[in-house]
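# Architecture and fold: a report
As a plain string of letters, each chain reads:
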Amino acid sequence: METFHQKMLNQSKELWSKILNHRFLKMTADGSIPDDTFKTWMQQDYIFVREAIPFIAVLLAKTPLDLRTNFIEVLSALDTELGMFRKNATAHGVNLGNIAAFPTCHAYNQFLMNTAYNASFEEGFTALYAAEKVYLDSWMEVKANLKIQSPWQEFIDNWTGEGFQQYVAWLATTLDDLASGKPERELKRMEEIFLITARYEYLFWEMAATQEGWAI
Ligand code: MP5
């Protein structure tokens, strides 16, 4: 029988394929991505990760005792990751100081915060799994198709390394544990959160590729 996380992935095959075939990832792999496009992503993802810290912190307040240490580790890993962004920003001349979230990044962070505050721990955890799984699969796709010595190698390594793979595998099995025995209406809400999160992930690549910005 398929587990909950397998069901989520099986139901979103088309969306997943759109994400993994996004031109942002293809251009990053073949080296044709304009510097400005990658740097825009870097700025927006820096904001995303920075704002993921309060998202995880709110979820931490709802975390069952047996998962607390894991969540403390997630918080600490996010803080370390911000250091990687800052190091690469300095090396590539990217400003991370005075930047604002584009509409998609802003809406995605708002959605995550709202989920953490107002939905159940299980729903928040579902969003976390979906976001991390998209990043693992997306950067694995880049790595598998890498044609060049990439200036962005540290980012590729960050989300394809053994440690990150194990973390996402842990998220998947923990999500399955959390889902087991839950009433159908709660599972439906988790399904919806999974889908919305994955859709935001698609839009995040699109936002970077188009350098979205605000209309005015
Ligand atoms: C992640 C990310 C992965 N950095 N940015 C987006 C838009 N989605 C997912 O999260 P983390 O915390 O960097 O592993």
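A brief report on the enclosed structure follows. The shown structure was predicted, so the numbers you read here are calculated from the model rather than taken from an experiment. (Residues numbered from 1 in each chain as written. Predicted model: local features only at pLDDT ≥ 70, side-chain atom pairs only at ≥ 80, totals over all residues. Heavy atoms only, no water.)

Time to look at helix α1 (residues 4–11). Phe-4, His-5 and Met-8 are the residues of α1 that are buried. Buried residues of α1, seen end-on, are gathered within an arc of 100° and therefore sit on one face of the element. On its buried face, α1 is in contact with α7 (121–144), α9 (162–179) and α10 (184–210). (Buried < 20%, exposed > 50% of the residue type's maximum accessible area, 1.4 Å probe, protein only. Helix = DSSP H or I, 4+ residues; strand = E, 2+ residues; numbered from the N terminus. Arc of directions from axis to C-beta. Contact = heavy atoms within 4.5 Å.)

Let us now look at the pattern of salt bridges. In total, this model carries nine salt bridges according to the counting rule given. A salt bridge links Lys-133 to Asp-137, with the shortest nitrogen-to-oxygen separation between them at 3.1 Å. Of this pair, Lys-133 and Asp-137 both sit in helix α7, separated by four residues, roughly a single helical turn. Three or more residues are tied together by salt bridges with common partners; here these are Lys-7, Lys-188 and Glu-191. (Salt bridge = Lys/Arg side-chain N within 4 Å of Asp/Glu carboxyl O.)

On to the packing of aromatic side chains. A full pass over the atoms with the stated rule returns 32 aromatic pairs. Feature note: the residues Phe-24, Phe-38, Trp-41, Tyr-46, Phe-85, Tyr-135, Trp-139, Trp-152, Phe-155, Trp-159 and Trp-205 constitute an aromatic cluster, connected by ring pairs. (Phe/Tyr/Trp six-rings, centres within 6.5 Å; stacked < 30°, edge-to-face > 60°.)

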